[in-house]
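# Structural characterization, general
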Amino acid sequence: MAERYKTCLDLHIILVRDGQVLLGRRQNTGFADGAWHLPSGHLDPGESATNGAAREAAEEIGVTIDPARLRLVHVMHHRTDDARTALFFETADWAGEVINLEPDKCAAWQWFSLDALPDEMIPYAAEALAHYRKGTLYSERGWS
């Protein structure tokens, strides 16, 4: 019997405030250091995607998000060094102030206008935000 296909599930949180989105500048991660990216992480075994996204937001930026307040706005099946499926959840509803809880991995968090994102973004995240702005739910990237 052939082995079933497996993919890493990435969770990305699009925090929206007054037409702006929160991005962090990566450092010391070994992948795209210096680039801006959304709060994100990977799904842990035994958790739902919305619970995982809420957990990642609490771990990285110190805010509390009710998983029921997360809205799936984009899915990207992409390939960087390996195959991944990325879920992008949006919310404008959270409790607490954004703080940098992982300064070893993130140099700073900053709000950017959705109309003026920084050039130094991780390419798949920039592409996903463009799809999000257009209302496109699904995309593929990096496949031949």
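Residues numbered from 1 in each chain as written. Predicted model: local features only at pLDDT ≥ 70, side-chain atom pairs only at ≥ 80, totals over all residues. Heavy atoms only, no water.

### Some remarks on helix α1 (residues 49-61)
An α-helix turns once per 3.6 residues; consequently, residues spaced three or four apart project the same way. For clarity, the cut-off: Secondary structure follows DSSP: runs of H or I at least 4 residues long count as helices, runs of E at least 2 residues long count as strands, and numbering of each begins at the N terminus. Expected helix span is given by 1.5 Å per residue-to-residue step, counting one fewer step than there are residues. Three exposure classes are used, based on accessible area relative to the maximum for each residue type with a 1.4 Å probe and protein chains only: buried under 20%, partly exposed in between, and exposed over 50%. Here a residue-residue contact requires only that any non-hydrogen atoms of the pair lie within 4.5 Å.
Its 13 residues place the ends of α1 18 Å apart at the C-alpha level, agreeing with the 18 Å of an ideal helix rising 1.5 Å per residue. Within α1, burial applies to Ala49, Gly52, Ala53, Ala54, Arg55, Glu56, Ala57, Glu60 and Ile61. Of the surrounding secondary structure, the elements contacted by the buried residues of α1 are β1 (8-17), β2 (20-26), β4 (40-42), β6 (83-91) and β7 (106-113). Just beyond α1, the residue with positive phi is Gly62, at close to 75 degrees.

### A closer look at unusual backbone geometry
Backbone phi values are negative for most residues with the exception of glycine, while trans is the configuration of most peptide bonds. Residues other than glycine seldom take positive phi values, yet Asp18 does so here, at roughly 50 degrees. Note on placement: Asp18 falls in the loop between β1 and β2.

### Here we look at the layout of surface pockets
Applied cut-off: Cavities and pockets were defined on a 1 Å grid built over protein atoms only: a cavity is a set of grid points that admits a 1.4 Å probe from which the probe cannot escape, a pocket is an open set flanked by protein on both sides within 12 Å along at least five of seven lines, and lining residues are those with an atom within 4 Å of any such point. Grid points are joined across faces, edges and corners, and a volume is the space filled by probe spheres set on the points.
Within this model, the largest pocket holds a volume of roughly 520 Å³. In terms of lining residues, the largest pocket is bounded by 24 residues, among which Arg26, His37, Ser40, Gly41 and His42 are the most central. Secondary structure elements with two or more residues in the lining of the largest pocket: β1, β2, β4, α1 and β7.

### Quick notes on the side chain of His37
Our working rule: We define a polar contact as two N or O atoms separated by no more than 3.5 Å, with the added condition that, inside protein, one atom must be a possible hydrogen donor and the other a possible acceptor, whereas residues neighbouring each other in sequence contribute only through side-chain atom pairs.
By the element assignment, His37 lies in strand β3 (residues 36-37). Polar contacts involving the side chain of His37 include one to the side chain of His12, which spans 3.4 Å. Look past the residues within four positions of His37 in its chain and what remains in contact with it is His12, Leu22, Leu23, Gly24, Arg26, Trp109, Ile122, Tyr124 and Ala125.

### Considering the side chain of Glu90
The residue Glu90 is located in strand β6 in this model. Side-chain polar atoms of Glu90 contact the side chain of Tyr132, separated by 2.6 Å. With residues near it in sequence (within four places) discarded, Glu90 still touches Ile14, Val16, Arg69, Leu70, Arg71, Val73 and Tyr132.

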